[in-house]
Amino acid sequence: MSDRGDVLFQITDLCKAFGSNLVLDHISTEIRKGEVVVIVGPSGSGKSTFLRSLNLLEMPTSGTICFEGRNITDKKTDINKYRQKIGMVFQHFNLFPHKTILENLTLAPIKLLKKSKEEADREARELLRRVGLEEKESAYPAQLSGGQKQRIAIVRSLAMHPEVMLFDEPTSALDPEMVGEVLQVMSELAREGMTMIIVTHEMGFAREVGTRVLFVDEGVIKEENNPQNFFEHPSNPRLREFLSKIL
Amino acid sequence: MEDFQVKFYTNFIKDDRYMYLVKGLGNTLAITFLAVLLGIFLGFLVAIVRSTYDKTGKGKLPNMICRLYLTVIRGTPMMVQLMIMCYVVFGKYNVSKLIVTTLAFGINSGAYVAEIVRSGIMSIDPGQLEAGRSLGFSYSQTMWHIIMPQTFKNVLPALANEFIVLLKETSVCGYIGMMDLTRGGDIIRSRTYEPFMPLIGVALIYLVMVMAFSALVGKLERRLRTSER
């Protein structure tokens, strides 16, 4: 287990309500450097909302999120600076359709990290090579398959050298035969030691690559464990029911 | 045929009457061009204020001012706005008619452009804003680098249509004594008592301009569309 690493996220009593609907109900947990935390749970359980609160795409209603010891829910925090360190991969890729693949990768490093175009291009090509898409650099997103788009979305985030990567159901919008190529890129990333927080329905992936699995239901972490115990000895009845339905 | 030649001569050649059309056309183009620039500027500004309010809830007062502007401009006739601009707003000042007309048409066009652009902004997938923000771009940087370029491409046909409407609508500015293309043709008619030639001529000139402009926009649209192949 890799919970020897420094604490990256310290989440305390995190609540999020949409109107009168309490989606996250006092969630507390911590996430350490190098962990691959997989979050599973039924739809509508709040798992995506939890992930999205970590980079403040959802503003918590109450509670605190500390990143490297700094409270990011504090109004004084520069959210934009903070988000540069947090990579995010979406279910629907959200590539920029009006830009080429290379421009998708270099836009943020050039504008935000103030890199020269040459340097950004060089790094972007290196990243494209890593995911086997170097020949697509001048293509536009619409010309790519879903799996290719998602691999580009992953390296677009990596181009900012994030300290953590958040994945919000990265394979849910893909045709079945394209799921593998995306999971492979994610596995490699995990092997290189990237801290990752992943919301997914890919239980095989959770078991193989995850270092810790969280079961979120009704806005609460109902169970968390290492993958082996999580899948083989689930104790929470809701989790047992959930696993029996999907495995 | 001889009749046609004679009429053509009296309406356009004699006493250099074609100069009415040339001068008028120059003014029509100048008014349209300047009003389009002002309209785009106002329209994009208002659209950004309005959609920012819709998306983030920020800027309540600017949003209210913009809504008032849209309601008033879209709720009153262009001709009335033009006359108010000329006789009420600038009534006591000696300002060139070209400036008065440009302002009136630019402010009018801005209201229509604003709603076109706003619907364009709102039609962009919210995931684009989230992707931009999650990379660390601020709201305005995301608007500038990611949302607006896509918006512009999507609204181009509707914008082109608005400018065609504007070009034709400037024909009412003769009302405040502005010498535009329509007015030019009308002056010829009043000299020759011969409506057919000058008015059909004027109509043809408008038609050719609109067709040329449409073709130009079509070309631009195809160029911007490369990313969708």
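One can find the structure itself at the top, above this paragraph.
These numbers were taken from a predicted model, which means no experiment stands behind them.

K.L.:
Describe the environment of E188 of chain A, listing the residues and the values that go with them.
P.N.:
Mapped onto the elements, E188 of chain A comes out in helix 6 (residues 176-191). Taking the C-alpha atoms as reference, E188 of chain A lies 31 Å from T12 of chain A; in sequence the two are 176 residues apart.

K.L.:
So, the pattern of salt bridges: which residues are in play, and what are the values?
P.N.:
If charged atoms from side chains of opposite charge come close, those side chains can pair. Tallying each qualifying case throughout the model produces 25 salt bridges over all chains. Salt-bridge contacts for R207 of chain A lead to E232 of chain A; the nearest nitrogen and oxygen are separated by 3.7 Å. Residue R207 of chain A is found in helix 7 (residues 203-209), and its partner E232 of chain A is found in helix 8 (residues 227-232); the two are separated by 25 residues along the sequence. Its relative accessible area of 43% is what places E232 of chain A among the partly exposed residues. One salt bridge connects E115 of chain B with R74 of chain B, and the closest N-O pair in it is separated by 3.9 Å. With E115 of chain B in helix 5 (residues 97-123) and R74 of chain B in helix 3 (residues 60-75), this pair connects stretches of sequence that are 41 residues apart. Residue classification places E115 of chain B among the buried residues on the basis of a relative accessible area of 18%. Given the relative accessible area of 42%, R74 of chain B is considered partly exposed.

K.L.:
Give me the lowdown on the packing of helix 5 (residues 146-158) of chain A against helix 6 of chain A, citing residues and values where you can.
P.N.:
Residue and element names in this part refer to chain A. At a minimum axis distance of 8 Å, the contact between helix 5 and helix 6 shows a crossing angle of 20 degrees. In terms of orientation, helix 5 and helix 6 fall into the roughly parallel class. The hand of the helix 5/helix 6 crossing is right-handed. Contacts between helix 5 and helix 6 pair G146, G147, Q148, Q150, R151, I154 and L158 from the former with M178, E181, V182, V185, M186 and L189 from the latter.

K.L.:
Requested: an account of the interface of chain A and chain B, with residues and values cited.
P.N.:
Residue-level contacts link 25 residues of chain A with 21 residues of chain B. Of the roughly 2,000 Å² buried at the junction of chain A and chain B (both faces included), carbon and sulfur atoms supply 60%. Taken together, the links from chain A to chain B amount to one salt bridge. For R52 of chain A, the salt bridge is made with E130 of chain B, and the minimal N-O distance between the two is 2.7 Å. Viewed at the interface, chain B and chain A are joined by six residue pairs in polar contact (both at pLDDT 80 or more). Contributions of two or more residues to the side of chain A that touches chain B are made by helix 2 (79-84), strand 6 (86-89), helix 3 (101-112) and helix 5 of chain A. Grouping the amino acids of the side of chain A that touches chain B by side-chain chemistry returns 13 nonpolar, seven polar and five charged.

The rules behind each value
- Residues numbered from 1 in each chain as written.
- Chains lettered and ligands numbered in written order.
- Predicted model: local features only at pLDDT ≥ 70, side-chain atom pairs only at ≥ 80, totals over all residues.
- Heavy atoms only, no water.
- Helix = DSSP H or I, 4+ residues; strand = E, 2+ residues; numbered from the N terminus.
- Salt bridge = Lys/Arg side-chain N within 4 Å of Asp/Glu carboxyl O.
- Buried < 20%, exposed > 50% of the residue type's maximum accessible area, 1.4 Å probe, protein only.
- Axes fitted to C-alpha atoms, helices over the stretch in contact; angles between N-to-C directions.
- Parallel < 35°, antiparallel > 145°, perpendicular 65-115°, else oblique.
- Left-handed = near helix turned anticlockwise from the far one by under 90°.
- Contact = heavy atoms within 4.5 Å.
- Buried area = accessible area lost by both parts, 1.4 Å probe.
- Polar contact = N/O pair within 3.5 Å; in protein donor to acceptor, adjacent residues only side chain to side chain.
- Nonpolar A, V, L, I, M, F, W, Y, C, P; charged D, E, K, R; others polar.

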